[in-house]
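Residue-level listing of the chains:
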Amino acid sequence: MSDETTDETTDPTADRVLDPATGAPVTRATIDLPDADAARALGAALAGVLRAGDLVILTGDLGAGKTTLTQGLGAALGVRGHVASPTFIVAREHPPLPRPDASRGPGLVHVDAYRLGGLDELDALDLDSSLDESVTVVEWGRGLAEALTEDRLEIDLERPRGGVHVGPGEGADAGLGPDPEAGTRRATLRAVGPRWADVDLAALTRTLPHTVARDS
Ligand SMILES: Nc1ncnc2c1ncn2[C@@H]1O[C@H](COP(=O)(O)OP(=O)(O)OP(=O)(O)O)[C@@H](O)[C@H]1O
Ligand SMILES: [Mg+2]
């Protein structure tokens, strides 16, 4: 699915972008995340719309902020354990903590797909958590999930300046900041399938502090 943006077609009757493979509706939003807190805030905002059984596919280079965003999601969902990079363990389960009213929301299953041959292998991992009762976040999941699930939220994280921090007032030529990890990420959200048809991602991103939302 590396060419999904160019392949999308617009349905003139619904004024909606359609996924070329499935014909399912696609909603999109793009948002700039100036720092790690902004990435966590996006994750937290997504907790407000994600429900048990949802699948989130995170794409982005090493250090793009996939785990950082997931930390914000996990904190806002109220799940147990520290959300860290799942590298070397394939999948980490974070069960839901009881809420003040004793109800429980979805848990979080955080997957590193780098080592998975396909998402169907998740079943073989024999997780304690049921994926139906959890929000499943897959880092490096592109190319694995599309055939399996019609409904999914894809988030691409890019560093427009290649990870080089250019602070306010430094000018376009300043270039080299002290911390190569710092700097704005651009998140492109693309929600595919009927489950997402009524979710306004652009409105969700506009509610975030310290972020610049753009309609795409
Ligand atoms: N705008 C930003 N968004 C997200 N992270 C940022 C941002 N600016 C700086 N950072 C920092 O960049 C690092 C991102 O690391 P993180 O582990 O989240 O990346 P990752 O995409 O999960 O990497 P990996 O592919 O190794 O799993 C963190 O140290 C975070 O604090
Ligand atoms: Mg990571």
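Residues numbered from 1 in each chain as written. Chains lettered and ligands numbered in written order. Predicted model: local features only at pLDDT ≥ 70, side-chain atom pairs only at ≥ 80, totals over all residues.

Asks: Honestly, the overall build of the chain in this entry has me stumped. Any pointers?
Replies: Summing up its helical and strand segments, the chain has five helices and 10 strands in all. Across the 216 residues that make up the chain, the buried fraction comes to 37%. Relative to all contacts within the chain whose residues are 6 or more apart in sequence, the contacts with residues 24 or more apart total 70%. (Helix = DSSP H or I, 4+ residues; strand = E, 2+ residues; numbered from the N terminus. Buried ≥ 20, exposed ≤ 12 C-beta atoms within 10 Å, placed from the backbone. Contact = placed C-beta atoms within 7 Å.)

Asks: Please clarify how the packing of helix H2 (residues 36-47) against helix H3 (residues 66-77) should be interpreted in this entry.
Replies: A pair of packed helices is characterised by two quantities: the angle between their axes and the separation of those axes. Axis separation between H2 and H3 bottoms out at 7 Å; the angle between their running directions is 45°. Considering their axes alone, H2 and H3 lie oblique with respect to each other. For the pair H2 and H3, the crossing hand works out as right-handed. Listed contacts from H3 to Ala 36, Ala 39, Arg 40, Ala 41, Leu 42, Gly 43, Ala 44, Leu 46 and Ala 47 of H2 are Thr 68, Leu 69, Thr 70, Gln 71, Gly 72, Leu 73, Ala 75, Ala 76 and Leu 77. Among the residues making up the contact of H2 with H3, the classes are represented as 12 nonpolar, five polar and one charged. (Axes fitted to C-alpha atoms, helices over the stretch in contact; angles between N-to-C directions. Parallel < 35°, antiparallel > 145°, perpendicular 65-115°, else oblique. Left-handed = near helix turned anticlockwise from the far one by under 90°. Nonpolar A, V, L, I, M, F, W, Y, C, P; charged D, E, K, R; others polar.)

Asks: What's the story with the site of ligand 1 in this structure? I'm lost.
Replies: Lining the immediate surroundings of ligand 1 are 21 residues, of which Ala 36, Gly 65, Lys 66, Thr 67 and Thr 68 lie closest. Where the shell around ligand 1 is concerned, the elements lending two or more residues are H2 and H3. Residue classes in the shell around ligand 1 are distributed as eight nonpolar, eight polar and five charged. (Near = placed C-beta within 6 Å.)

Asks: I would appreciate a short explanation of unusual backbone geometry in the present structure.
Replies: Notably, Ala 102 is not glycine yet its phi reads approximately 75°, a positive angle. Among the secondary structure elements, Ala 102 is positioned in the loop between strand S5 (91-94) and strand S6 (107-112).

Asks: So what exactly am I meant to see when it comes to the confidence of the model for the chain here?
Replies: Low pLDDT means the predicted coordinates in that region are not meant to be read closely. The predicted model of the chain averages 80 in pLDDT, with 76% of residues at 70 or higher. Low confidence marks residues 1-6, where pLDDT is under 50. Its contacts with residues over four positions away, or in another chain, come to three contacts. Predicted confidence for residues 163-177 stays below pLDDT 50, and this span has 18 contacts to residues more than four positions away or in other chains. (pLDDT = per-residue confidence, 0-100.)

Asks: Would you take a moment to explain H2 for this structure?
Replies: For an α-helix, 3.6 residues make a turn, and residues three or four places apart therefore share a direction. Given a rise of 1.5 Å per residue, 12 residues ought to cover 16 Å, and the 17 Å separating the end C-alpha atoms of H2 matches this to within 8%. The buried fraction of H2 amounts to nine of the 12 residues, a majority that puts the element mostly inside the structure. Buried positions along H2 lie against strand S3 (25-33), H3, strand S9 (185-192) and helix H5 (201-206). (Expected span 1.5 Å × (residues − 1).)

Asks: Help me understand the environment of Gly 74 in this model?
Replies: The topology assignment puts Gly 74 in helix H3. Under the C-beta neighbour-count criterion, Gly 74 is labelled buried, with 27 such atoms within 10 Å. With 35 residues separating them in the primary sequence, Gly 74 and Val 109 have C-alpha atoms 9.6 Å apart.

Asks: Explain the nonpolar core here, please?
Replies: A general feature of soluble globular proteins is that nonpolar side chains tend to end up buried together. In terms of nonpolar packing, the biggest core is built from 44 residues, with Leu 42, Val 56 and Val 137 touching the most fellow members. Residue assignment for this core shows that the elements contributing at least two residues are S3, H2, strand S4 (55-59), H3, S6, strand S7 (134-139), strand S8 (152-158) and S9. Apart from residues lying up to four places away in sequence, Val 56 is in contact with Val 135, Val 137, Val 138, Leu 153 and Ile 155. (Core = buried A, V, L, I, M, F, W, Y, C linked by C-beta atoms within 7 Å.)

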